[in-house]
Amino acid sequence: MSLLGSPFQRKISTADSLTVEAGTDVLIETGSSKTVTLPLARLCTLEEGNSVVRVVADGNSVTLAVQTGDTFINSGDTTTIAITNGAVAYCESDGLNQWIVTGRTS
């Protein structure tokens with residue numbers, strides 16, 4: 001499976017967790033209980049062209065997490081979101097301190 005065309009592609013197949021940079025596309029290839037920690041929202045701006053982090057779960061479930069001071073604004077739990085196998089999550093920064101997750105998470 002190829003990644004999504006970003007110059008910031010990362011693939012996780014053995015590590016349990018990864019903190020990604022702004023504008024990253026991440027493919028979670030195998031294993032469960034992986035955690036992808038998003039960069040600080042204030043470092044990810046539309047003007048810089050790096051306001052979206054895309055996560056593809058091609059193995060088992062994955063947990064998306066934010067760094068201290070940031071929150072998810074469309075989730076019951078404001079600091080983590082679980083996505084299931086086969087899901088694609090688009091995480092978009094507001095450029096300040098919040099992340100909005102769209103796409104299919106389950």
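For the structure, check the block above.
Residues numbered from 1 in each chain as written. Predicted model: local features only at pLDDT ≥ 70, side-chain atom pairs only at ≥ 80, totals over all residues. Heavy atoms only, no water.

Quick word on the side chain of Asp70
Alright, step 1. The residue Asp70 is located in the loop between β6 (62-65) and β7 (71-72) in this model.
Alright, step 2. Buried charge without a partner: Asp70 forms no salt bridge, and the closest opposite charge is Arg42, 6.5 Å away.
Alright, step 3. Reaching out from Asp70, the side chain makes a polar contact with the side chain of Trp99 at a distance of 3.4 Å.
Alright, step 4. Dropping the residues within four chain positions of it, Asp70 is found in contact with Pro39, Leu40, Ala41, Thr78, Leu96, Asn97 and Trp99. (Helix = DSSP H or I, 4+ residues; strand = E, 2+ residues; numbered from the N terminus. Buried < 20%, exposed > 50% of the residue type's maximum accessible area, 1.4 Å probe, protein only. Lys, Arg positive; Asp, Glu negative; His and termini not counted. Salt bridge = Lys/Arg side-chain N within 4 Å of Asp/Glu carboxyl O. Polar contact = N/O pair within 3.5 Å; in protein donor to acceptor, adjacent residues only side chain to side chain. Contact = heavy atoms within 4.5 Å.)

Structural notes on the environment of Asn85
Alright, step 1. You can see Asn85 is positioned in the loop between β8 (80-83) and β9 (88-93).
Alright, step 2. Its relative accessible area of 47% is what places Asn85 among the partly exposed residues.
Alright, step 3. Along the sequence, Asn85 and Val56 sit 29 residues apart, while their C-alpha atoms lie 8.5 Å from each other.

Quick look at the nonpolar core
Alright, step 1. Counting 19 residues, the largest nonpolar core has Leu38, Leu64, Phe72, Ile83, Cys91 and Trp99 as its most contacted members.
Alright, step 2. Listing elements by their share of this core, those giving two or more residues are β5 (52-57), β6, β8, β9 and β10 (98-104).
Alright, step 3. Sorting elements by how many residues they give to this core places β5 first, with three residues.
Alright, step 4. When near neighbours in sequence (up to four residues on either side) are disregarded, Leu64 contacts Val36, Val55, Phe72, Thr79, Thr80, Ile81, Ile83, Ala89, Cys91 and Val101. (Core = buried A, V, L, I, M, F, W, Y, C linked by side-chain atoms within 4.5 Å.)

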